[in-house]
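Understanding the architecture of this molecule
So you can see what is in the structure, the chains are spelled out below.
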Amino acid sequence: MLIRTATPEDAEICGQICYDAFYKVGTDHNFPPDVPVASVGVDILRAIFSHPGFYCVVAEQDGRIAGSNCLDERDSIAGVGPITVDPAAQNARIGRELMEAVLHRARSRNFAGVRLVQAAFHNRSLSLYAKLGFVAREPLSVMQGPAIGKHVEGCSVRQAQLSDLEECNRVCRLVHGHQRGGELTDALNRGTATVVERGGRITGYATALAFFAHAVAEANPDLQALISSAASFGGPGILVPTRNAQLFRWCLENGLRVVEPMTLMTMGLYNEPAGVYLPSISY
């Protein structure tokens, strides 16, 4: 087996593997696949493989690509994924090798911590990540449904501007003890980020309301306002911390439904959140 750096030219093959892997694990457990069609997998990995803020690797077995993994290096906490292995090449330690490659990279770059989000119904990946040193921190519910479109009293939502970056980073540091400014800057440049204001100041933000996006806020009304403002929820849906019973119940009462359970897992720096948040599929 050879582990090497991924290139954008690998995205076609790796994207197909990404689709095949998520389709198999999802349908084997009676859940919808996180990647709906192969072309979506290709687009996701082409974007990540060509982004300078990600470190990506592929595994070759007997000269053929058998899987890939990525490490989001945009901030002080690194995020793992998507990691996928060709279903035809399972049980050959490929997943472990791909994980160890990105963890070695994270250690060499002195990241304060590494995080990932794992499909809670997939016992094998849960066991692998635990053996590698990850700790299960937060049960998550992927939620999807129609736009809510309700006004939350005292809160106003608007499109975020680059000038909001420091205030958004302040909120993230308040809640998590670290910031995600690199990821947020990308969202600001794409025009997908929003902020919520309450009492004349920024009290939360979202890079988008989607599977590959995160949100952070001081209190549940702020996060509810951000969720309510979304015209739709990208990908399989938003990741709601199930322990936040008030927010989880509010989402259910406003038409969102649970798609699948997931688990946030961490290695290294972790602070119990001092506010409310939605993780992304990375962390």
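Note that this is a predicted model, so its numbers are computed, not measured.

Considering the packing of helix α3 (residues 94–108) against helix α4 (residues 123–132)
Their axes nearest at 11 Å, the elements α3 and α4 cross at an angle of 40 degrees. Considered as vectors, α3 and α4 are oriented oblique to each other. Judged by the sense of rotation from one axis to the other, the crossing of α3 with α4 is right-handed. Facing α3, whose interface residues are G95, R96, M99, E100 and L103, α4 presents L128, Y129, K131 and L132. When its residues are assigned to classes, the contact of α3 with α4 shows five nonpolar, one polar and three charged.

Structural notes on the side chain of N254
Tracing the backbone through its elements, the reader meets N254 in the loop between α8 (245–253) and β13 (257–268). At 2.7 Å, the side chain of N254 forms a polar contact with the side chain of K150.

Regarding unusual backbone geometry
The omega angle of the peptide bond from G81 to P82 is 0 degrees, so this bond is cis rather than trans. By the secondary structure assignment, P82 is in the loop between β4 (77–80) and β5 (84–85). Look at N30: it is not a glycine, yet its phi comes out positive at around 65 degrees. Positive phi outside glycine occurs at N110, with the angle close to 60 degrees. If you trace the backbone, N110 turns up in the loop between α3 and β6 (113–119). Relative accessible area serves as the criterion here: at 66%, N110 is assigned to the exposed category.

What to know about the nonpolar core
Among the nonpolar cores identified, the biggest contains 25 residues, and L71, M99, V114 and F134 are the most heavily contacted of them. At the level of secondary structure, the elements contributing two or more residues to this core comprise β2 (54–61), β3 (64–72), β4, α3, β6, α4 and β13. Residue contributions to this core peak at seven residues, all from α3. Each residue touching F134, except ones within four places of it in the same chain, is listed here: M99, L103, V114, R115, L116, Y129, M265, T266 and M267.

Observations regarding the pairing of strand β7 (residues 135–144)
Where β7 lies against β13, nine bridges are found, and the strand directions are antiparallel. Its bridge partner lying in β13, L140 is registered against M262. In terms of strand pairing, β7 meets strand β12 (residues 238–241) through four bridges, oriented antiparallel. Within the sheet, the bridge partner assigned to L140 lies in β12 and is P241.

Let's talk about the side chain of N169
Within the secondary structure, N169 sits in helix α5 (residues 165–176). Accessibility expressed as a relative area gives 4% for N169, which makes it buried.

Structural notes on the pattern of salt bridges
Within the structure shown, the criterion is met by 19 salt bridges. Here E138 and R243 are joined by a salt bridge, their closest N and O atoms 2.6 Å apart. One end of the pair, E138, is in strand β7; the other, R243, is in the loop between β12 and α8, and 105 residues separate them in sequence. You can call E138 buried: its relative accessible area is 3%.

Focus on the environment of V195
Residue placement: V195 occurs in strand β9 (residues 194–198). The spatial distance from the C-alpha of V195 to the C-alpha of V157 is 5.7 Å, given a sequence separation of 38 residues. Here V195 is in contact with S156, V157, R158, A160, D164, C168, I202, G204, Y205 and L226, once residues within four sequence places are set aside.

A closer look at the packing of aromatic side chains
By convention here, two paired aromatic rings are described through the distance between centres and the angle between planes. Evaluation of the coordinates by the stated rule reveals four aromatic pairs. Aromatic side chains F31 and F121 sit 4.4 Å apart centroid to centroid with 10 degrees between the ring planes, which places their arrangement in the stacked category. In this pair, F31 is assigned in the loop between α1 (11–28) and α2 (38–49) and F121 in the loop between β6 and α4, connecting sequence segments 90 residues apart. Looking at F31, the relative accessible area reads 23%, which means it is partly exposed.

What counts and what doesn't
- Residues numbered from 1 in each chain as written.
- Predicted model: local features only at pLDDT ≥ 70, side-chain atom pairs only at ≥ 80, totals over all residues.
- Heavy atoms only, no water.
- Axes fitted to C-alpha atoms, helices over the stretch in contact; angles between N-to-C directions.
- Helix = DSSP H or I, 4+ residues; strand = E, 2+ residues; numbered from the N terminus.
- Parallel < 35°, antiparallel > 145°, perpendicular 65-115°, else oblique.
- Left-handed = near helix turned anticlockwise from the far one by under 90°.
- Contact = heavy atoms within 4.5 Å.
- Nonpolar A, V, L, I, M, F, W, Y, C, P; charged D, E, K, R; others polar.
- Polar contact = N/O pair within 3.5 Å; in protein donor to acceptor, adjacent residues only side chain to side chain.
- Buried < 20%, exposed > 50% of the residue type's maximum accessible area, 1.4 Å probe, protein only.
- Core = buried A, V, L, I, M, F, W, Y, C linked by side-chain atoms within 4.5 Å.
- Pairing = 2+ DSSP bridges.
- Salt bridge = Lys/Arg side-chain N within 4 Å of Asp/Glu carboxyl O.
- Phe/Tyr/Trp six-rings, centres within 6.5 Å; stacked < 30°, edge-to-face > 60°.

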